[in-house]
Amino acid sequence: MKNISMTAAQIAEIVKGEIIGDAARSVTGVAGIKEASADQLSFVGSRKYADLLGDSKAGIVLICADLVKIEKPESTLIVCKNVDAAFATVVAMYADVPPVFEIGIHPSAVVSPEAKIGANVSINANAVIEAGAEIGDNTVIGAGCYIGHDAKVGADSIIYPNVTIMFRCIVGRKAIIHPGVVIGGDGFGFVPGPQGLIKVPQTGIVQIDDDVEIGANTTIDRARFGRTWIKSNVKIDNQVMIAHNVVIGESSIIVAQAGIAGSAELGRGVILAAKAGVNGHITLGDGVQVAGTSGVLRSVPAGQTVVGAPAESQREFMARVALPGRFEKLSKKFAALQQEVEELKAKLAEE
C-alpha cells in the first residue's frame, strides 16, 4: 500500500461526508476496523458492527448515519451515505500500482499464425492461442492460459494464469478472469441408452459480455445449443458452477460455491449468496436475493428474497422456524391449564 498522508477534511471532501471530530486528523493508510491503528482509516457500514467501532483504534472511521450518536473522542468520524463505496474510493487512492505486463509474445508461448492479435497485447509464458482466436487491444493473456479455436477475448481484458477459454467462446471487453477459470467445457448432458449413458453433443458456446469479473476456479459450461450467457457487469466469486444454457442478467452477483443448473435464467441485479443452489429451467426475476446455502426449486418473482432449502420467502421461513418454539410454549401452557383444572376438580370433590 502507498504511504500517503491525508487529513479528515481532505477525505470528507472526496467522499462527500460529514466530519465528527478533528478535521485536521491525518492518516497514512487503510485497514480493517479490528486491525486499524491510530494512523490508519477504516470503516463501519452497519449498526450491527457498532461494538467494533467502540473497540477500534483507527484514527479516522467512515461510518453510516445509524452510528452518529456513538461517542468516540479518540477517533475522527466521517458520516457517509454509502460507506462501502466511500471506503472503496479511499482504498483505491492507497492501493499499489498493479503489476505491469510486458507487451509482446513470450518465446515459450504458442500462438497460431492464424490467430488475430491486437495492439499492445501481452501473451505470457506457455500460453497457447489456437487458430482463429482473436485477442483485443491492450489485453493480457497470463502464463499457461489456453485460448481455443475461434475464441474471442475483447480489448482491455486481463486473463490471469491458467485460464481455459474453449473453442468459439466469447469474452467481452474489460473482463477480469482469475486463475483456474474454465469457460466452455461441455455441459453435463447424458441420456440413458441400451448400453448405458449416451453423451449429448454440446454444440453451443459461452458468451461473456463486457465488464464481467470471474473468480478463481469457477466453471461456466458451454450450451447444449445456442449460448450460456453472462451479461454485462456481472461479478462472479470463486468456485462457482454455471451449467449449460444458463442466462445471468446484468449486474448480478454470484457468491462463492453457488451452483446454477442448466437453462436457469437470472434477471438483472440478482444476488446468490454463498453455496446457494438454483434448480434448472426456472427463472429468478430482477433483483431477487437468495440467502446462503438456500436451494431454489421454483421460479421466484422479481424483488423477492428467499431463504432455506427448499427456498421460501423470509416471512414463510421465519413462520416455519418459529412454529416449533410456539408449539412448545402452547404445550406448556396447555399442561399448566390442565393441571389447574385437575386441581380445581380435586378441590371441588373435597367440598
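This section reports on the structure supplied with the text. All values derive from a computational prediction rather than experimental measurement.

Cut-offs used in this document
Counting of residues starts from 1 at the beginning of each chain's written sequence and follows it residue by residue. This being a predicted model, a pLDDT of at least 70 is required before a residue's local features are given, and a value of 80 or more before pairs of side-chain atoms are given or counted; all residues contribute to the totals for chains, interfaces and linings. Note: side-chain values were computed over all heavy atoms of the structure, leaving out hydrogens and water. A run of H or I in DSSP becomes a helix once it reaches four residues, and a run of E becomes a strand once it reaches two; helices and strands are each numbered from the N terminus. By this rule, a helix spans an expected 1.5 Å times one less than how many residues it contains. For every residue, the accessible area obtained with a 1.4 Å probe (protein chains only) is divided by the maximum for its type, and the residue is called buried under 20%, exposed over 50%, and partly exposed between those limits. By arc we mean the arc of the directions from the helix axis to the C-beta atoms, nothing more. In this analysis, two residues are considered to be in contact whenever any of their non-hydrogen atoms come within 4.5 Å of each other. Polar contacts, as used here, are pairs of N or O atoms within 3.5 Å; protein pairs need one atom able to donate a hydrogen and one able to accept it. Residues neighboring in sequence count only if both atoms are side-chain atoms. Only Phe, Tyr and Trp rings take part, Trp by its six-membered ring, and two of them pair if their centres are within 6.5 Å. Stacked means planes under 30 degrees apart, edge-to-face means over 60, and tilted covers everything else. The pairing criterion for strands is at least two bridges between them, as found by DSSP. By convention, a crossover is right-handed whenever its connection, traced from the first strand over the helix to the second and viewed with the strands pointing away, goes clockwise. Between N-to-C directions, angles cover 0 to 180 degrees, with each direction set by a line fitted to C-alpha atoms, over the stretch in contact for helices. Roughly parallel means an angle under 35 degrees; roughly antiparallel, over 145; roughly perpendicular, 65 to 115; everything else is oblique. In this scheme the crossing of two helices becomes right-handed for a clockwise turn of the near helix relative to the far one and left-handed for an anticlockwise turn of less than a right angle. Three classes are used, and their members are as follows: Ala, Val, Leu, Ile, Met, Phe, Trp, Tyr, Cys and Pro are nonpolar, Asp, Glu, Lys and Arg are charged, and the others, Gly among them, are polar. Definition of nonpolar core: a set of buried residues of the types Ala, Val, Leu, Ile, Met, Phe, Trp, Tyr and Cys, connected through side-chain atoms within 4.5 Å.

As a further point, take helix 3 (residues 83-94). Across its 12 residues, helix 3 extends 17 Å between first and last C-alpha, which sits within 8% of the 16 Å expected from 1.5 Å per residue. Restricting attention to buried positions, one finds in helix 3 the residues V83, A86, F87, V90 and Y94. Across the axial projection of helix 3, the buried residues extend over an arc of 95°, all falling on one side. Exposed side of helix 3, more than 90 degrees from the buried face: D84 and A92 are the residues found there. On its buried face, helix 3 sits against strand 1 (6-7), helix 1 (8-15), strand 3 (26-27), strand 4 (29-30), strand 5 (40-44) and strand 6 (60-63). Sitting at the amino-terminal end of helix 3 is N82, which places a side-chain oxygen 3.4 Å from the backbone nitrogen of D84.

What follows concerns the packing of aromatic side chains. As enumerated under the stated definition, the model contains 2 aromatic pairs in all. Relative to F87, the ring of F43 has its centre 4.3 Å away and its plane inclined at 25°; by these criteria the two rings are stacked. Here F43, found in strand 5, pairs with F87, found in helix 3; they are 44 residues apart in sequence, far enough to count as distant. By relative accessible area, F43 is classed as partly exposed at 26%. Ring plane angle 70° and centroid distance 5.1 Å describe the contact between F188 and F190, whose orientation is recorded as edge-to-face.

All of the buried residues along helix 1 are A8, I11, A12 and V15. One side of helix 1 carries all its buried residues, which in axial view fall inside an arc of 100°. Once helix 1 finishes, K16 follows within two positions and takes phi at roughly 60°, a positive value.

It is worth spelling out the pairing of strand 6 at this point. Both faces of strand 6 are covered, namely the face carrying I60 and L62 and the face carrying V61 and I63. In the sheet, strand 5 pairs with strand 6 via 4 bridges, with the strands oriented parallel. Looking at strand 6, one finds that L41 is bridged to I60. This β-α-β element, strand 5 to helix 2 (residues 50-55) to strand 6, shows right-handed connectivity. In terms of strand pairing, strand 6 meets strand 7 (residues 76-79) through 4 bridges, oriented parallel. When the sheet's bridge partners are listed, L62 is paired in strand 7 with I78.

Moving on: the packing of helix 1 against helix 3. In contact at an axis separation of 10 Å, helix 1 and helix 3 are set at 120° when each is read in the N-to-C sense. When the interaxial angle is binned, helix 1 and helix 3 end up oblique. For the element pair helix 1 and helix 3, the recorded crossing hand is right-handed. Where helix 1 abuts helix 3, its residues I11, I14 and V15 lie against A86, T89, V90 and M93. Residue composition of the contact of helix 1 with helix 3, grouped by class: 6 nonpolar, 1 polar and no charged.

Let's shift gears to the sheet that holds strand 34 (residues 271-272). If you trace the 12 strands from one edge of the open sheet to the other, you get 8-11-14-17-20-25-28-31-34-37-39-40, paired in mixed fashion. Looking along the sheet, the strands with just one partner apiece sit at the ends: strand 8 (104-105) and strand 40 (312-313). The sheet contact formed by strand 14 (residues 140-141) and strand 17 (residues 158-159) spans 2 bridges and is parallel. Within the sheet, the bridge partner assigned to V140 lies in strand 17 and is I158.

Once that is clear, we can look at the sheet that holds strand 27 (residues 227-230). Paired through backbone hydrogen bonds, the strands of a sheet run either parallel or antiparallel to each other. Ordered by their spatial adjacency, 9 strands build an open sheet running 10-13-16-19-24-27-30-33-36, and the pairing between neighbours is parallel. Here the strands that pair on one side only, and so sit at the sheet edges, are strand 10 (116-117) and strand 36 (283-284). Bridge count for strand 33 (residues 265-266) against strand 36 is 2 bridges, and the pairing is parallel. The residue bridging E265 from the neighbouring strand is T283, located in strand 36.

The element strand 5 is extensively covered by neighbouring structure, given that 4 of its 5 residues are classed as buried. The pairing of strand 4 with strand 5 spans 2 bridges and is parallel. Its bridge partner being in strand 5, G29 is matched across the sheet by Q40.

We now examine the nonpolar core. Membership of the largest hydrophobic core comes to 52 residues, with the highest contact counts inside it found for I165, I183, I260, L272 and L284. If near-sequence neighbours (up to four positions away) are discounted, I260 is found in contact with M241, I242, A243, V246, I248, I254, L266, L272 and V278. Formed by 30 residues, the second largest nonpolar core is a distinct cluster that contains A58, I63, V79 and Y94.

In short, geometric facts, not functional conclusions.
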